[in-house]
Each structure stands twice: as structure tokens, then as C-alpha cells.
Amino acid sequence: MPGGEYMKIDIHHASPIPETYRAARVSSMFNVEGDADFRLTVEADLSARPWQVGLIVGPSGSGKTSLGRALFGRELDAEPQWPRQDAIIDAISPDSEMDQVTAALAAVGLGSVPSWLRPWGHLSNGEQFRANLARLLCERPALAVVDEFTSTIDRRVARIGAAAFAKAWRRGPGQFVGVTCHDDVVQWLNPDWVIDTRSAEFKWRRLRRAPRISMEIHKTDGSYWPLFEPHHYLKLPRMVAADYYVGFVDGEPVAHICFSPRPGLVEARACRLVIMPEWQGAGLGLRFLNEVCALWRRGVNRYERPMPTLFHTSHPGLATALRGQPLWAQISANLGQASSVKSKSVKGRLGGHLRAVQGFRYVE
């Protein structure tokens, strides 16, 4: 905001009624007298408190974009331009460390590794939205003002993506302002302040937790795996003698994992953890994994025997999340063959097609 001061913004778009037959007839029919000017006045003291995330919300045509320009003295950020052929893992912040890019992708809920290897234009609308947010996290401007924030995507993806982005954005410096016509993202983005152009009202907000999503977990057979398999980062055969678990939100399958005992029934091995793309970033993955591991630790399994759980992953975002969990202890980190990667060019970028396999044990 220019000068960081208290501001009273007066927006006036002059629109005199044209002296034409149609304009005169319409103004007469609907009692529009004088002019068709647009006016909006907002008082906003953005310097009263430190802030990192703001939101301008209101219906289309209510002056959101004009207000954003007036408050921040600049054109609002348009959708970034992406290379047509480059995979997003190459296109995002090419000069940054790869771990920074993968962490940003995981942070905004774009955790499906196959999607990382596709050009931006080949992604779904929801994936493009998350890729844009990951790029913003990596570039980290001092101020980012994004017009039409979440406006063109599925509302569930919008809410979950907004919550994931806000959580990641607050870990670093900079200020972000979303401009949107959808007020359903307010409690998910959890902004420090909101301007509603319908009422021309500015409000500071207290930080709150994003709404919690309720999930039911059911033990199933392997029939759900084909639904989740395209979103797993490795192409692997089914586990031997496995028990399958699926998490459901409002009856929709959103999470998958399978468990099998190790020899001697001293420990279980968990594998094939997948969260459906539109639900990534909501924290469901670890909740789901921890809950099923807790069941096995208490002996709630077909063997009626308490077992700790061993889990291996080469997904960088998941490994980072597990290391931050007190319920888990890292027990190994090895280089393994990335046999599922067939493209020579991709193998080269992965450093001789080796991948770091990290092992964790559920220790609760």
C-alpha cells in the first residue's frame, strides 16, 4: 500500500448516459436519471496492524479490481505465463533448489508427482490453480495482489487450495491479497483482513483454524485401488496379503492405503498411500495414515495382534511431513532405483534415475 497509511478510497467511474434512442429508452423504462456512474467509498487502515494475508471480496461489478488498484497503486497480478512444453517441475523457479520447488508444490496440495512432469497447459483447472500458487510461493514477491482468486475453479478445490496456500505463505515473508467474487474462501484462506465491496466495509479478523473435514475410514477389498492408482507416484504391483483401507468424505472415496504384516507378525508395513488430487493440502493424508496405524498398534486387525507400522516413501513432501510428526521416527534413508521412470530425459534430471527412499516407524 503506498505510504502504508490510513486510506479513504473514493472510486468514481463516470458513465454519462449516451444521447441515443436505445440508451434514452432504457433509462426512461428503469428510471435511471442523470448518469450511470459507478461509485464506491471504502475506509481501510491497513497500517494499524502487521498483516500477511488480505482478501477483497464482492460480487462481479462491485469494484473489487478498481479498489485493489487504488489501495496498492499497481495493476493486479494476472495469471502467470508458463512455457508451453516444459514440465511444471522445470518451469517453476528454475534457479531455485529442486527441494524448494517440490516443497511448494506439496504445500499447496499439488502432491501428485505425475502432474509435476506435465506442462501447465496439460493440467486440470484445479491443478493449474495450485501450480500458480506454488510458483508464487517460490518467487515470494514482497506484495502479491491476485485478481480472480479461485474464481474459475471447483469450489471444493478452491477452499482446500486456499487453506493450504495461506498456511504455506505465512511461513515466509511478504504480503498476499486475493481478490475474488466468492466469499466461501474467507474461513479457509483465513485472511488478516477482509474488504467486502457489497457493504464497502473493512474488517480486521482474528486468525482461526480452517474448518475441519470429517472423514470415515472403512476396511475394504482391493476394488478401490484402480480409482487411486493413477495418482500414486510409483507404478507398483499390488501388495501381497494386504488389507485395504479407504477414507470417505460425505460418501466419496478420498484416501487409500493398504497394510500387510511382516514375517513373524512383529510389524506391519503400510504402502500405497494416495489422497485424491482435489483433496490434497487439507491435512487428510497424515490424519488418515495415523488413524489406521493407531488401529494396528492397538491390535485392531484381522490378526488381533498389536503391531507397530513401518512406512517407506520417496515423496519429498510426505517425508518432510512425517519428520515433523512426533508419532513417527525416521529409521532409514537410502538411494533406490527409480525403475518406474521410463523416460531417459526424466532419468537424467533425477540424477541417474536414483531416488531417496526414506523409512519411518510409527512409534505411538
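Scroll up a little and you will see the structure.
Residues numbered from 1 in each chain as written. Predicted model: local features only at pLDDT ≥ 70, side-chain atom pairs only at ≥ 80, totals over all residues. Heavy atoms only, no water.

Engineer: Give me the pairing of strand 4 (residues 143–146): which residues, what numbers.
Structural biologist: The pairing of strand 4 with strand 5 (residues 175–180) spans four bridges and is parallel. Considered in strand 5, the bridge of L143 is made with Q175. With helix 7 (residues 155–169) bridging strand 4 and its parallel neighbour strand 5, the resulting β-α-β unit is right-handed. (Pairing = 2+ DSSP bridges. Helix = DSSP H or I, 4+ residues; strand = E, 2+ residues; numbered from the N terminus. Right-handed = clockwise from strand over helix to strand, strands pointing away.)

Engineer: Got a sec to walk through the sheet that holds strand 5? Specific residues and values, please.
Structural biologist: If you trace the five strands from one edge of the open sheet to the other, you get 4-5-3-6-7, paired in mixed fashion. With partners counted over all chains shown, the strands left at the sheet margins are strand 4 and strand 7 (201–204), one partner each. Strand-to-strand twist in this sheet, taken as the mean axis angle between neighbours without regard to direction, amounts to 10 degrees. (Axes fitted to C-alpha atoms, helices over the stretch in contact; angles between N-to-C directions.)

Engineer: Give me the lowdown on the side chain of S151, citing residues and values where you can.
Structural biologist: Looking at the element boundaries, S151 is found in the loop between strand 4 and helix 7. One polar contact links S151 to E148, side chain to side chain, over a distance of 3.0 Å. Excluding its chain neighbours within four sequence positions, the residues that come into contact with S151 are T180, C181 and H182. (Polar contact = N/O pair within 3.5 Å; in protein donor to acceptor, adjacent residues only side chain to side chain. Contact = heavy atoms within 4.5 Å.)

Engineer: Mind laying out the nonpolar core, listing which residues take part and the relevant values?
Structural biologist: In terms of nonpolar packing, the biggest core is built from 40 residues, with I88, L105, F165, F176 and L189 touching the most fellow members. For this core, the secondary structure elements donating two or more residues are strand 3 (53–57), helix 3 (88–91), helix 4 (98–107), helix 5 (113–116), helix 6 (125–139), helix 7 and helix 8 (186–189). The contact partners of I88, leaving out residues within four places of it in the chain, are W82, L105, L110, S115, W116, R118, P119, W120, L123 and A131. Counting 38 residues, the second largest nonpolar core, distinct from the first, contains V274, M307, F311 and L322. (Core = buried A, V, L, I, M, F, W, Y, C linked by side-chain atoms within 4.5 Å. Buried < 20%, exposed > 50% of the residue type's maximum accessible area, 1.4 Å probe, protein only.)

Engineer: Help me get a handle on the environment of I56, residues and values and all.
Structural biologist: Note that I56 resides in strand 3. On a C-alpha basis, the gap between I56 and V177 in space is 7.3 Å, while along the polypeptide they are 121 residues apart. In this structure I56 touches K64, L67, G68, L71, V177, G178, V179, T180, W193, I195 and T197, once residues within four positions along its chain are discounted.

Engineer: Can you explain the packing of helix 6 against helix 7? Please cite residues and give values.
Structural biologist: Where helix 6 contacts helix 7, the axes come no closer than 11 Å and their chain directions differ by 10 degrees. Considering their axes alone, helix 6 and helix 7 lie roughly parallel with respect to each other. The residues of helix 7 that touch helix 6, namely those facing G126, F129, R130, L133, L136 and L137, are V157, A158, I160, G161, F165, A168 and W169. (Parallel < 35°, antiparallel > 145°, perpendicular 65-115°, else oblique.)

Engineer: Kindly report on unusual backbone geometry, identifying the contributing residues and their values.
Structural biologist: One non-glycine residue, R140, lies in positive phi territory at about 50 degrees. Topologically, R140 is positioned in the loop between helix 6 and strand 4. Overall, R140 belongs to the partly exposed group, its relative accessible area being 22%. Its identity is not glycine, yet T150 carries a phi of approximately 65 degrees, on the positive side. Within the secondary structure layout, T150 lies in the loop between strand 4 and helix 7.

Engineer: Requested: an account of the environment of M276, with residues and values cited.
Structural biologist: Mapped onto the fold, M276 is located in the loop between strand 11 (268–275) and helix 10 (284–297). Residue classification places M276 among the buried residues on the basis of a relative accessible area of 9%. For M276, the contacting residues outside a window of four places in its chain are L227, F228, H231, P253 and V254.

Engineer: So what's going on with a positive patch on the surface? Which residues, and what values?
Structural biologist: On the surface, a cluster of positive charge is made up of K167, R171, R209 and R212. Looking at the element boundaries, K167 is found in helix 7. A residue is classified by how much of its surface remains accessible, and K167, at 58% relative accessible area, is exposed. (Patch = residues over 30% accessible without salt bridge, like charges linked within 9 Å, V, L, I, M, F, W, Y side chains within 5 Å. Areas by Shrake-Rupley, 256 points an atom, 1.4 Å probe, with all protein chains shown as cover. Salt bridge = Lys/Arg side-chain N within 4 Å of Asp/Glu carboxyl O. Lys, Arg positive; Asp, Glu negative; His and termini not counted. Charge placed at Lys NZ, Arg CZ, Asp CG, Glu CD.)

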